[in-house]
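Each chain is listed here by its residues.
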Amino acid sequence: MFHKEGQKIIIFTFFLVVAAIIAAQFYIEVEWIRFTVQITAFVLLIAILQFFRNPKRPVTPNFDEILAPVDGKVVVIEEVDEPEYFKDRRRQVSIFMSPINVHVTRYPASGTVTYSEYHPGKYLVAWHPKSSTENERTTVVLHTPKFGEIGYRQIAGAMARRIVNYAEEGEQVTQGQDAGFIKFGSRVDLLLPLNCNITVKLGQKVTGAKTCIASFRKDDDD
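Parameters and conventions
- Residues numbered from 1 in each chain as written.
- Predicted model: local features only at pLDDT ≥ 70, side-chain atom pairs only at ≥ 80, totals over all residues.
- Heavy atoms only, no water.
- Pairing = 2+ DSSP bridges.
- Helix = DSSP H or I, 4+ residues; strand = E, 2+ residues; numbered from the N terminus.
- Axes fitted to C-alpha atoms, helices over the stretch in contact; angles between N-to-C directions.
- Core = buried A, V, L, I, M, F, W, Y, C linked by side-chain atoms within 4.5 Å.
- Buried < 20%, exposed > 50% of the residue type's maximum accessible area, 1.4 Å probe, protein only.
- Contact = heavy atoms within 4.5 Å.

*Asks:* Account for the sheet that holds strand β10 (residues 178-182), naming residues and giving values.
*Replies:* The 3 strands are arranged β4-β10-β8 in an open sheet whose pairing can be described as antiparallel. In this open sheet, the two edge strands, each paired with only one partner strand, are β4 (104-106) and β8 (163-165). The mean angle between the axes of side-by-side strands here comes to 20°, regardless of whether they run parallel or antiparallel. In this structure, β4 lies alongside β10, joined through 3 bridges in antiparallel fashion. In the sheet register, T105 faces β10, and the bridge partner there is G180.

Given below as structure tokens:
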């Protein structure tokens, strides 16, 4: 299954690769060069298909957990001052996606979209400390039943040149539902309340809509 954001690129690449393979067959006489061109074209197609894959991940919504919005590796866990929307201290958990990861963004929790904003910006490498505030990005805030308001930020990296965000203010969304896509290498920051339990560690690999990033403290509900 492939993501709808890749349909045009996949179709274009398919015809380009077929044309290259046929042209090489008829116009390149040196066998090893012809074979190299054809294999390279085929590998390009496989890479594009791999990048835009969209595995189905059924989720039973859990109001006590924040799930990973994307596949990747946890590169930041820290407290930060969030100036754009919350204007207070937040727990930030950042997930870096390499080009080989699934790049679908999924809602980390069920709730209501209270804020959704796009910001143009730079294309610093995604792990750069200033990428959260200076790169092209979108910020989305969800009001959840247990955690209150939580945020996530899609950040374009050095390779990513297009962020797709489906979140619309006032919309009711479900945990694990498709929330967007980032093309070619990127990062997502989660902005969580200080009183939640972070359940991942630095360097840990996480899976979107499967790995629990944070849990609700039961004693805070008493």
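*Asks:* Tell me about the nonpolar core, residues and numbers included.
*Replies:* Here is a general trend for soluble globular proteins: nonpolar side chains tend to be buried in one another's company. The biggest cluster of nonpolar side chains holds 30 residues, and the ones touching the most others in it are I66, L142, Y152, L192 and I213. Those elements giving two or more residues to this core turn out to be β3 (88-97), β6 (137-144), β7 (148-156), β10, β11 (186-192) and β14 (212-215). Excluding anything up to four places from it in sequence, L142 contacts Y107, P108, A109, T112, V113, T114, G148, E149, I150, Y152 and V173. In terms of nonpolar packing, the next biggest core, distinct from the first, is built from 8 residues, F51, V102, V164 and F181 among them.

*Asks:* Now, about unusual backbone geometry: what can you tell me, with residues and values included?
*Replies:* Phi at K87 is positive, roughly 55°, even though this residue is not glycine. As for its position among the elements, K87 is in the loop between β2 (72-82) and β3. Despite not being glycine, A209 has its phi angle at roughly 70°, a positive value. Here A209 lies in the loop between β13 (205-206) and β14. The buried category is assigned to A209, whose relative accessible area is 6%.

*Asks:* An account of the pairing of β6 is requested, with residue identities and associated values reported.
*Replies:* Extensive coverage of β6 is indicated by the burial of 7 of its 8 residues. Where strand β5 (residues 111-119) meets β6, 7 bridges bridge the pair, whose relative direction is antiparallel. The residue of β6 that forms the bridge with V113 is L142. Across 8 bridges, β6 lies against β7 in antiparallel orientation. Following the sheet pairing, T139 is matched in β7 by R153. What sits between β6 and β7 in their antiparallel hairpin is a turn of 3 residues.

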